[in-house]
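Fold and contact review
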Amino acid sequence: MVETVLTWAVPGGTLLMVAFGVFELRRQKRRGRAGTPITATYVNEFTAMFYGTKRMELDHRDSMSMMREEDAQGGPPPLGVDLDAGTVVLPGNPGTKAGELRSTGDPTG
């Protein structure tokens, strides 16, 4: 009896996971919800149990999700104010050169 249970533990768990995954995907489609399914988390943890690199990947993914996203370096910002030069850069302003407006230095207009 014990041997039978141990023999069917991994295949039975896999079949249950596939069945639950199908159920979960059908339920998400009907309700229109998005997000990570529970079965994806189960598969990741099950794989990490056998492969150490998967554990490192999951830990790295978790740590990267907690990091703050910064603007890309090297590219011009979409909007910019240069107080020293007295310029404001606006994207898509058709009347000026490269979207640049010059201020008169007078705050009243």
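This section reports on the structure supplied with the text.

Thresholds, definitions, all that
Residue numbers run consecutively from 1 along every chain, following the written order of its sequence. Per-residue local features of the predicted model are confined to residues with pLDDT of at least 70, and side-chain atom pairs are confined, for both listing and counting, to 80 or more; whole-chain, interface and lining totals are unaffected and use all residues. Water and hydrogen atoms were dropped before computing side-chain values, which therefore reflect all heavy atoms in the structure. A side-chain nitrogen of Lys or Arg and a carboxyl oxygen of Asp or Glu constitute a salt bridge if their distance falls within 4 Å. Elements are defined by DSSP. Helices are runs of H or I of four residues or more, strands are runs of E of two residues or more, and each kind is numbered from the N terminus. Burial classes follow relative accessibility: with a 1.4 Å probe on protein chains only, a residue under 20% of its type's maximum area counts as buried, one over 50% as exposed, and anything between as partly exposed.

In total, this model carries 4 salt bridges according to the counting rule given. Residues Lys54 and Glu57 are paired through a salt bridge, measuring 3.8 Å at the closest nitrogen-oxygen approach. Taken as a pair, Lys54 and Glu57 lie in helix 3 (residues 52–65) at a separation of 3 residues, close to a single helical turn. Taking the relative accessible area as the measure of exposure, Lys54 reaches 16% and is therefore buried. A relative accessible area of 38% places Glu57 in the partly exposed class. Between Arg61 and Glu57 there is a salt bridge, and its shortest N-O distance comes to 2.8 Å. In this pair, Arg61 and Glu57 are both assigned in helix 3, 4 residues apart and thus about one turn of the helix distant. By relative accessible area, Arg61 is classed as partly exposed at 41%. Three or more residues are tied together by salt bridges with common partners; here these are Glu45, Arg55 and Asp59.

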